[in-house]
Amino acid sequence: MSTHINAKLGDIADIVLLPGDPMRAKYIAETFLEKPQCYNTVRGMFGYTGTYNGVRISVQGTGMGMPSLSIYVNELLRFYDVKTLIRVGSCGAMQPEVKIRDIILAQAACTTSNMNNRRFPNTSFAPIATFDLLYRTYQEGTAKGYPIHVGNILSEDSFYDDANSNRNQQFIDYGILAVEMEAAELYTLAAKYHADALCVLTVSDSLVTSEETSAEEREKTFNEMITLVLDTVSASEIA
Ligand SMILES: O=P(O)(O)O[C@H]1O[C@H](CO)[C@@H](O)[C@H]1O
Ligand SMILES: O=c1cc[nH]c(=O)[nH]1
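As the structure is a computational prediction, the values presented were derived from the model and not from experiment. (Residues numbered from 1 in each chain as written. Chains lettered and ligands numbered in written order. Predicted model: local features only at pLDDT ≥ 70, side-chain atom pairs only at ≥ 80, totals over all residues. Heavy atoms only, no water.)

Caption draft 1: Local environment of the pattern of salt bridges. In the structure shown here, the tally under the stated rule is 11 salt bridges. Two residues, glutamate 182 and arginine 87, come together in a salt bridge whose shortest N-O distance is 2.8 Å. Of this pair, glutamate 182 sits in the loop between β8 (178-180) and α6 (183-192) while arginine 87 is found in strand β5 (residues 84-93), placing the two residues 95 residues apart along the sequence. Its relative accessible area of 3% is what places glutamate 182 among the buried residues. Since its relative accessible area comes to 3%, arginine 87 is described here as buried. (Salt bridge = Lys/Arg side-chain N within 4 Å of Asp/Glu carboxyl O. Helix = DSSP H or I, 4+ residues; strand = E, 2+ residues; numbered from the N terminus. Buried < 20%, exposed > 50% of the residue type's maximum accessible area, 1.4 Å probe, protein only.)

Right, dumping it as structure tokens:
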């Protein structure tokens, strides 16, 4: 057991999917995994382990924002020896060509968080995805014909910014595809613990058009992203 995960050693698979929303974790486990077993209910941050195409896979909610994700990912890496972490999140599109429900593979993640400033004073660490995982997911996604974008994203600390802030415009000008709230910390921790990591996102709303999806849609309808990740990781384990 770790402080925020009440699982025994061995309860959690080497491969873990990480939605921010714990209800999305429950949905993924109950919809896509065979024989899902719930190993964590602490704070309602559900964690499940089951199999997909015969491969053992876990799914763990992380909550919203980098401080919350950092707790779960630290514990997964330090106490449960997890090897591969894939965030399956939602995001807001920042470019006109990125449409609602498109899928983004985050090659790298800029951040407004202070977490890496504390780790690396006077240095700007570049949080990046594991190339092999990114490449295999891209190949699987394009073979499926999914609308996929690969590039740089923004991991923001605050969902609600001051009304007079125009900081987003600079990120838009520099080609950032979308904004979410966790990937930079995931990639940084994976680097520290020599694990593989990728952040896959479904566009839930658009800062360009102001379209948005409902909470229920964000919980239960991002099936293309989920099967893309499950098919990619299970194929590489079987091969
Ligand atoms: O849908 P999830 O995975 O939680 O991701 C996004 O949604 C939350 C904000 O609504 C933040 O956690 C953001 O990163
Ligand atoms: O963090 C997030 C997630 C979805 N949409 C946003 O605008 N921000």
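After that view of the structure, there is still more to cover.
Caption draft 2: Expanded view of the UniProt feature "active site" (unreviewed entry) in the protein chain. In the numbering used here, UniProt assigns the "active site" (unreviewed entry) feature to Asp205. By the secondary structure assignment, aspartate 205 is in strand β9 (residues 196-206). Residues contacting aspartate 205, with those up to four places away along its chain left out, are Cys91, Gly92, Ala93, Ile100, Glu211 and Glu212. (UniProt positions renumbered as here; feature names shortened; annotations may be inferred. Contact = heavy atoms within 4.5 Å.)

Caption draft 3: Quick peek at the environment of valine 179. Looking at the secondary structure, you find valine 179 in strand β8. Leave out the neighbours within four places in its chain, and valine 179 touches Cys91, Gly92, Met94, Leu154, Glu156 and Leu207.

Caption draft 4: A look at the pairing of strand β6 (residues 103-111). Note that β6 and strand β7 (residues 148-155) share 8 bridges and pair parallel. Bridged to alanine 108 within β7 is asparagine 152. Across 3 bridges, β6 lies against β9 in antiparallel orientation. What sits directly across from isoleucine 104, in β9, is leucine 201. (Pairing = 2+ DSSP bridges.)

Caption draft 5: The site of ligand 1, seen in detail. Taken together, Gly20, Asp21, Arg24, Met64, Arg87, Gly89, Ser90, Phe159, Glu180, Met181 and Glu182 make up the full set of residues near ligand 1. Here an oxygen atom of ligand 1 sits 3.0 Å away from a polar atom, N or O, in the main chain of glycine 20. Arginine 87 is positioned with one of its side-chain polar atoms (N or O) 2.8 Å from an oxygen atom of ligand 1. Within the complex, 88% of the 350 Å² of free accessible area of ligand 1 lies under protein. Cavity membership is defined here by more than half of the atoms lying within 2 Å of grid points; on that basis ligand 1 lies in the largest pocket. No other element matches β5, which puts 3 residues into the shell around ligand 1. (Near = heavy atom within 4 Å. Polar contact = N/O pair within 3.5 Å; in protein donor to acceptor, adjacent residues only side chain to side chain. Areas by Shrake-Rupley, 256 points an atom, 1.4 Å probe, with all protein chains shown as cover. 1 Å grid on protein atoms, 1.4 Å probe; cavity = no way out; pocket = protein on both sides within 12 Å on 5 of 7 lines; lining within 4 Å. Sits in = over half its atoms within 2 Å of the grid points.)

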